[in-house]
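Structural description and commentary
Residue-level listing of the chains:
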Amino acid sequence: MNRRRAYEDDGDFYGERNKKRRRVSENQEMEERLETLILRVGENSTSSLESNLEGLVSVLESDLGNFRSKILRILSDCPIKMPEKCTIYSTMVGLMNAKNYNFGGEFVEYMVKTFKDSLKQCQWDAARYALRFLADLVNCHVISTNSLLQLLDSMVDAANEDNVPQVRRDWYVFAVLSTLPWVGRELYEKKESALENLLVRIEVFLNKRTKKHHNALRVWSVDAPHPQEEYLDCLWAQIRKLRQDNWTEKHIPRPYLAFDSVLCEALQHNIPVIHPPPHQDSFEYPMPWVVYRMFDYTDCPPGPILPGAHSIERFLIEEHLHSIIEMHRWERKDCAIHLLMLPYKDKIPLEYCIVEVIFAELFHMPTPRYLEICYGSILIELCKQQPSKMPQVLAQATEILFMRIDSMNTSCFDRFVNWFSYHLSNFQFRWSWDDWDSCLLLENEHPRPKFIQEVLLKCLRFSYHDRFKEMMPEGYAKLIPKPPVPHYKYSMEGAASLPGTATAHKLVVAIRQKCNAEDVLNELNDLPNSRDASDTDMAEAPFNPLKIDVFVQTLLNLGSKSFSHSFAAISKFHAVFKALAETEEAQICILHNMFELWVDHQQMMVVIVDKLLKVQIVECSAVATWVFSKEMVGEFTKMYLWEILHLTIKKMNQHVTKLSREMNEAKEKLARTVESSSSESEDEAASPNAQKRRKNTEGSGEKPTEEQVERMEEKLEAAYVDQKRLFLIIFQRFIMILSEHLVKCDTDGRDYDTDWYRWTIGRLQQVFMMHHEQVQKYSSTLESLLFTSDLDPHILDVFHQFTALRA
Amino acid sequence: MSSQIQSVHTPSVSLSKYRDQHFKGSRHEQEKLLRVSSTLYVGNLSFYTTEEQIHELFSRCGDVRRIIMGLDKFKKTPCGFCFVEYYSRLDAESAMRYINGTRLDDRIVRVDWDAGFIEGRQYGRGKTGGQVRDEYRQDHDLGRGGYGKMVQMGQLGAPSMRE
């Protein structure tokens, strides 16, 4: 400390370089030390939190002279970065304010600015944590009750604005409600009527609110045994329960209570009047969600009791666990350890809470926050860290999910299959399959046998066929997939009668002798075309299906040894594919033949379609049409077919995103070039860093000309057209088959609600959900062309639920 | 929200101590490449693990560009390692975070950064054609051809005999 003073005294901070460097580094060291102290406060320590806080506050106070802005910054950062430690930091600020009123004022100002900036930048969680912190400062006598109420009121005003998206209004109410557990008691004691008034206004808002989106976001379509509540409804119920309990809760640690005598002496500041930044079209708000529940206290063994669904503790615990996942998602082991170290762990059935929260994230609609494998690997890590409890709870969770799978939405069904197969592959595929025997009596299309079948298919991809033949109980034979081998018809019994056999055999020899693309086309020339140009009334160029048949099946069979062999074969004879299949119809023909050969190897089909798309042998629209084609009817409810459709849509989306990013970059570069005239460009050319800088600014090095940018714009426009067409094809096919089904059931007097119907409507929903960002662009086109009001309400409803997500 | 734009540096994606001794270039150049690479080395595979199995696991972290199976120099059969190339660095980082140290075919796989595949690197570098570690290994590992090659050739005692 003394040494630092000495430096301060010798004046000229910006003087001699050497001295400066030393001083800077010492200052830096000190700042870093302060930062560490502040960041770490409240973590494991031998002394009490109270004495730690007192000690730290006196250090900070004495350092205020030198590090004022640094301290302000860190102290306002911490409660946002570590929201779970909110009350520790509010206590600190309270103690600082009691000692130094000016600092308290500056801090409030700083925090208010942080809050406003977060709102402007659409950092909604940061804004919520900042608001929570401001509210908690009321508990520490830093901020006046009145001015907080005024702020909360103005936020409810924002929720009542007209002509703004509902998601914006929802967020403002959510922010207020989620703040009340911290400050409700204080407001209740000091300003009961104002608090009541606030709650009445919120209730009025909630009663008027539409919840069209609700069904699209549910994991299960039925509410038994646990209701799938809309998030604001659930939080409102929890807050009402909290009010019933006179605003007392048992989850939030409140270190400031120990300092009451000091804090109550302090003077308070007022939050200035804050007007939430008005809505702009560029603002994106959090989408609504459904609160995921899979356990209640009856599921847990004797011991600490799981708080009820409408207890505020449940909300607080869940929020805490979600934020641990967010913070530690990069390191699965740290994440597992931190989840298991939840401060409140001895008072709740922790493993159940953790598993519920992880599945809540995995099943989150429309898409999970993070990669699915991130959650899977955290669950594996949890099993490692807590081998006595975690695997059992996870098995129980799996059992519950399986029992409720009949009403699970299709997106979640897929994620469940993917997770479970992955999890099993990490635990020697050990599972008590016998417990699920009863489902063997059900129809194969029923979600339960379907689940087992799909899980086995995915497990097979991780393992090998014989293993499952040995491992599975006898009764499951009908669910075990066939061995994933190619069916090459030209070498099977009866091949002699096929028209292409002779050519196929010659082709095999030619390819084995390393012939080139031209040779292949020559070999195929003998094959007659069953469909003449006159056959097709379409104006498209005719193609020869037999040529495609012989070529595709023979080539892929020759490359059947592995993915790499297949890819190499496709690349080598790329030109042949292109020559044989110019039109979409011909491309679909390629896909049919690929399917015929590889019908029992789903993963192979997935990667081959992916490859054919990448090397532009088939177009996205061809794949989509093929998925809905007559030949694929038998495959229509199988997961792999949808894996293919979604990867196709993703390819298209990536293409559009890439083009639009490139164009924006080029436009920016162009704008900059226009601004900075010739002198700069000369500088750049002369500078030795030119090369580097060019690299940094990515891509084409040279500045784009207007012409180039125009061309990029055209390309992007064309890509948008393709993308729109792809979505139109997909949705139109869905509408066709679903309408047909509904009409037919109606005329036959049968129940329309069959397994097939559920899978198909579920897949339609999945397309909307998984690609919601891209589909959204075409909402109005879809509404005017396809999802028109004369459509069956069952189908139309799916569309309306989707548009309600961002309403 | 699922697309992370920026790479976040945490221990599981930092460079390991291993450096390929056959790298053509300076240590500095090698490390520079490793830091931007989207290629991974995957080790401790069973000789029986196929490209298909590896693809299923690694594609869960992102789009896989290609997989190059490690082969015995002489027999041209898999010898327990491979390279996995992603299109994007971030996907490769996810594999480092979420796959490294988990199981494939009942074995804990090791995933590490690789500076990029060069033809020839798919072959084992041991004298007997496989990976060097399989020459000196003293345990019995059914997935990797039983005892290490030296033990098999009687140049090293099996562990039970030494004890």
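The rules behind the values
- Residues numbered from 1 in each chain as written.
- Chains lettered and ligands numbered in written order.
- Predicted model: local features only at pLDDT ≥ 70, side-chain atom pairs only at ≥ 80, totals over all residues.
- Heavy atoms only, no water.
- UniProt positions renumbered as here; feature names shortened; annotations may be inferred.
- pLDDT = per-residue confidence, 0-100.
- Contact = heavy atoms within 4.5 Å.
- Buried area = accessible area lost by both parts, 1.4 Å probe.
- Salt bridge = Lys/Arg side-chain N within 4 Å of Asp/Glu carboxyl O.
- Polar contact = N/O pair within 3.5 Å; in protein donor to acceptor, adjacent residues only side chain to side chain.
- Helix = DSSP H or I, 4+ residues; strand = E, 2+ residues; numbered from the N terminus.
- Buried < 20%, exposed > 50% of the residue type's maximum accessible area, 1.4 Å probe, protein only.
- Domains from an automatic or database assignment.
- Nonpolar A, V, L, I, M, F, W, Y, C, P; charged D, E, K, R; others polar.
- Expected span 1.5 Å × (residues − 1).
- Phe/Tyr/Trp six-rings, centres within 6.5 Å; stacked < 30°, edge-to-face > 60°.
- Lys NZ or Arg CZ within 6 Å of the ring centre and 35° of its normal.
- Pairing = 2+ DSSP bridges.
- Axes fitted to C-alpha atoms, helices over the stretch in contact; angles between N-to-C directions.

Taking UniProt as the reference, chain B is identified by name as Nuclear cap-binding protein subunit 2 belonging to Anopheles gambiae. Chain B has a UniProt comment under Subcellular location that states "Nucleus". As recorded by UniProt, the Sequence similarities comment attached to chain B reads in full: "Belongs to the RRM NCBP2 family."

By the naming in UniProt, chain A is Nuclear cap-binding protein subunit 1, taken from Anopheles gambiae. Of chain A, the UniProt comment under Subcellular location reads exactly: "Nucleus". Under Sequence similarities, UniProt gives the following word-for-word description of chain A: "Belongs to the NCBP1 family."

The subject of this paragraph is the confidence of the model for chain B. Mean pLDDT over chain B stands at 90; residues scoring 70 or higher make up 92%. Across the interfaces of the predicted complex, the ipTM metric reaches 0.92, alongside a pTM of 0.92.

Counting residues at the interface gives 30 residues for chain B, matched by 36 residues for chain A. Taken over both partners, the interface formed by chain B and chain A buries close to 2,900 Å², and the fraction arising from carbon and sulfur atoms is 48%. It is B:Glu52, B:Arg60 and B:Tyr98 in chain B that bury the most area against chain A; as a group they hold 26% of the surface buried on that side. In this structure, the connection of chain B to chain A is made through three salt bridges. Across the pair A:Arg467 and B:Asp106 runs a salt bridge whose closest N-O atoms are separated by 3.0 Å. Run the count over chain B and chain A and you get 18 residue pairs in polar contact (both at pLDDT 80 or more). Among the elements that line the side of chain B that touches chain A, the one with the most residues is helix α2 (residues 51–58) of chain B, at six residues.

As a further point, take the pattern of salt bridges. For the structure on display, the rule yields 68 salt bridges over all chains. We note a salt bridge from A:Arg243 to A:Glu196, for which the minimum N-O separation is 2.9 Å. A residue pair is termed long-range when its members are at least 10 positions apart, and A:Arg243 in helix α11 (residues 231–244) and A:Glu196 in helix α9 (residues 192–208) qualify at 47 residues. Between A:Lys489 and A:Asp549 there is a salt bridge, with the nearest N and O atoms lying 2.7 Å from each other. Of this pair, A:Lys489 sits in the loop between α20 (465–471) and α21 (501–512) while A:Asp549 sits in helix α23 (residues 545–558), and the two are 60 residues apart along the sequence. On the basis of relative accessibility, which here comes to 17%, the residue A:Lys489 falls in the buried class. One continuous salt-bridge network, built from bridges that share partners, spans A:Lys458, A:Arg461, A:Glu643, B:Glu56 and B:Arg60.

With that settled, consider the UniProt feature "domain: RRM" in chain B. Summarizing the sequence annotation, UniProt attributes the feature "domain: RRM" to residues 38–116 of chain B in the numbering used throughout. Strand forms 39% of residues 38–116 of chain B and helix 23%; the C-alpha atoms that close the span are 8 Å apart.

On to the UniProt feature "domain: MIF4G" in chain A. Sites flagged by UniProt as "domain: MIF4G" map to residues 31–243 of chain A. End C-alpha to end C-alpha, residues 31–243 of chain A measures 43 Å, and it is 78% helix and 0% strand.

This next bit is on the domain arrangement of chain A. Residues and elements named next belong to chain A. According to the domain assignment, chain A contains domain 1 (28–39 + 46–262), domain 2 (310–474), domain 3 (498–525 + 542–584 + 594–617) and domain 4 (621–672 + 704–806). In this structure, domain 1 and domain 4 have C-alpha centres spaced 41 Å apart. Taken together, the contact pairs seven residues of domain 1 with seven residues of domain 4. Area buried by domain 1 at its contact with domain 4 is led by Lys 212, His 213 and Ala 216, which between them contribute 66% of it. For the pair domain 1 and domain 4, the interface holds one salt bridge. Its salt-bridge partner being Asp 797, residue Lys 212 comes within 2.7 Å of it at the nearest N-O pair. Our count for the domain 1 to domain 4 interface comes out at two residue pairs in polar contact (both at pLDDT 80 or more). Broken down by element, the side of domain 1 that touches domain 4 gets its largest block of residues, three residues, from helix α10 (residues 214–217). Of the residues that constitute the side of domain 1 that touches domain 4, the class distribution is four nonpolar, two polar and one charged.

Residues and elements named next belong to chain A. Across its 16 residues, helix α6 (residues 124–139) extends 23 Å between first and last C-alpha, which sits within 8% of the 22 Å expected from 1.5 Å per residue. Across the 16 residues that make up α6, a large majority, 15, are buried. In the segment just after α6, His 141 is the residue with positive phi, at about 60°.

Moving on, we get to the packing of aromatic side chains. Here a ring pair, both rings aromatic, is described through the centre-centre distance and the interplanar angle of the planes. Under the definition given, this model contains 55 aromatic pairs over all chains. Here the aromatic rings of A:Trp642 and A:Phe734 are separated by 5.7 Å at their centres, their planes lie at 25°, and the arrangement is stacked. One end of the pair, A:Trp642, is in helix α29 (residues 639–675); the other, A:Phe734, is in helix α32 (residues 706–748), and 92 residues separate them in sequence. The residues A:Trp642 and A:Phe734 share a single accessibility class, namely buried. When the ring centre of B:Tyr123 is taken as origin, the NZ or CZ atom of B:Lys76, which lies over that ring, is 4.8 Å away.

Okay, the sheet that holds strand β3 (residues 78–86) of chain B next. All names here are of chain B. Strand order across the open sheet formed by four strands is β2-β3-β1-β6, with antiparallel pairing between neighbours. Bordering the open sheet on either side are β2 (64–71) and β6 (110–114), each of which pairs with just one other strand. Across the sheet, the mean angle separating the axes of adjacent strands is 25° when strand polarity is ignored. Strand direction decides the pairing type here: strand β1 (residues 39–43) and β3, joined by four bridges, are antiparallel. Bridged to Tyr 41 within β3 is Phe 83.

Another point: unusual backbone geometry. All names here are of chain A. Between Ala 224 and the following residue, Pro 225, the backbone shows a cis peptide bond with an omega angle of -5°. Position of Pro 225 among the secondary structure elements: in the loop between α10 and α11. Of note, the amide linkage connecting Met 365 to Pro 366 takes the cis form, showing an omega dihedral of 5°. Its location among the elements puts Pro 366 in the loop between α15 (350–362) and α16 (372–385). The backbone of Asn 246 shows a phi angle near 55°, a positive value even though the residue is not glycine.

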